[in-house]
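Commentary on secondary and tertiary structure
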Amino acid sequence: MQSQKTHRKCFSFEFFPPNTTEGAEKLAQTAKQLALLKPEFFSVTYGAGGSTRERTLNAVLDLCKAGPAAAPHISCIGSSRSSIREILADYKANGIRHLVALRGDLPSGTATAGEFHYANELVAFIREEFGSHFFIEVAAYPEYHPQARSAQADLDAFKRKVEAGADSAITQYFFNADCYFNFVDECEAMGLKVPIVPGIMPIGRFSQLARFSDACGAEIPRWIRRKLEGYGDDTESIRAFGLDVVSDMCERLLAGGAPGLHFYTLNQSSLTTDIWKRLGL
Ligand code: FAD
């Protein structure tokens, strides 16, 4: 973990693009509150197959008004080189310099894979077309990506993204600090030096968390799952227990050298702010 410790600590908050006026107002309110914590940047997700192209850009431009820089996510699966070039040119024309570059997942029922197969091809394309204009983040998976042939194959895929020109990485969320430390050690053994920032999912509702985790392959350790299940509809207890578990893990990650934290806020400020306060950041 030594070299991760040498990176400056970077804290960031992720949002999804709202699709109603009410949602946009809520996001503006959330961003205003979270901007007070002075994160390095906000980021905004991108819908599968480009379904939120306009909304992601609009949310990024709105968020920039709240203070910190904002980074749009962009995914390439199912897209042509010309459409990705157009989106990136649009981002550049709007003064955006920071991206989260992903393969993404094809919406179910979509047959065409497009001109990109994996995120390393997108990173290489961004570098070919736009040089060093963008600071590029990529995704990393301490518990390994669910579609990876093997743990080593996934590490190799991560290495290809870094070698293609990624500047930094944000991980899928996890609830087990050891998998993060192990992943970082493996990356360092392969000579990778980019910061690998842990993605943090605050715990608010168990059913939602279980659904997300099943979809993205993030493991909820049995003891945490059993406790959360046991609380039933008692939201207050779920939040209190979740705050303890997630804050303790964040403390361990930072003490162990993690170069910051990236919070999956789900457009809510309270859970993230509570963890932030608990950590004394
Ligand atoms: P890749 O790095 O391309 O990896 C995908 C899979 O392919 C892995 O299993 C990898 O091992 C394998 N692989 C890579 N190269 C090869 C190869 N040459 N041969 C065989 N296998 C290979 N999704 C969205 O739709 N929108 C978002 O905004 C979004 N934001 C995210 C933000 C973060 C921080 C994270 C962690 C995930 C995000 N995702 C988002 C989810 C992401 O799109 C999915 O996890 C997707 O399945 C993989 O994207 P990737 O960029 O990690 O893909």
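Overview of the structure. Since the structure is predicted, the reported quantities are computational estimates derived from the model, not experimental observations.

Strand order in this closed barrel of eight strands is β1-β2-β3-β4-β5-β6-β7-β8, and the pairing throughout is parallel. Between one strand axis and the next, the sheet turns through 30° on average, direction left out of account. In the packing of helix α5 (residues 119–130) onto the sheet, contacts are made with β3 (69–75), β4 (98–102) and β5 (135–140), and the angle to β4 comes to roughly 145°. Running over the sheet, helix α7 (residues 177–189) touches β5, β6 (168–173) and β7 (196–200) and is turned about 155° from β7.

This brings us to the site of the ligand. Taken together, 23 residues sit near the ligand, with Tyr 46, Asp 105, Tyr 141, Asp 154 and Lys 161 positioned nearest. Measuring from an oxygen atom of the ligand, one finds a backbone N or O atom of Gly 104 at 3.2 Å. One of the side-chain nitrogen or oxygen atoms of Lys 161 is found 2.7 Å away from an oxygen atom of the ligand. In isolation the ligand has 970 Å² of accessible area, and contact with the protein removes 86% of it. Every element with two or more residues in the shell around the ligand is listed here: α6 (151–164) and β6. Residue contributions to the shell around the ligand peak at four residues, all from α6. Broken down by class, the residue content of the shell around the ligand amounts to ten nonpolar, seven polar and six charged.

Our focus in this paragraph is the pairing of β3. In terms of residue burial, β3 counts as a mostly covered element, since six of its seven residues are buried. In this view, the connection linking strand β2 (residues 41–44) to its parallel neighbour β3 by way of helix α3 (residues 53–66) has right-handed handedness. Judged from the three bridges that link them, β3 and β4 form a sheet pairing that is parallel. Within the sheet, the bridge partner assigned to Ile 74 lies in β4 and is Ala 101.

Criteria and cut-off values
Residues numbered from 1 in each chain as written. Predicted model: local features only at pLDDT ≥ 70, side-chain atom pairs only at ≥ 80, totals over all residues. Heavy atoms only, no water. Pairing = 2+ DSSP bridges. Helix = DSSP H or I, 4+ residues; strand = E, 2+ residues; numbered from the N terminus. Axes fitted to C-alpha atoms, helices over the stretch in contact; angles between N-to-C directions. Contact = heavy atoms within 4.5 Å. Near = heavy atom within 4 Å. Polar contact = N/O pair within 3.5 Å; in protein donor to acceptor, adjacent residues only side chain to side chain. Areas by Shrake-Rupley, 256 points an atom, 1.4 Å probe, with all protein chains shown as cover. Nonpolar A, V, L, I, M, F, W, Y, C, P; charged D, E, K, R; others polar. Buried < 20%, exposed > 50% of the residue type's maximum accessible area, 1.4 Å probe, protein only. Right-handed = clockwise from strand over helix to strand, strands pointing away.

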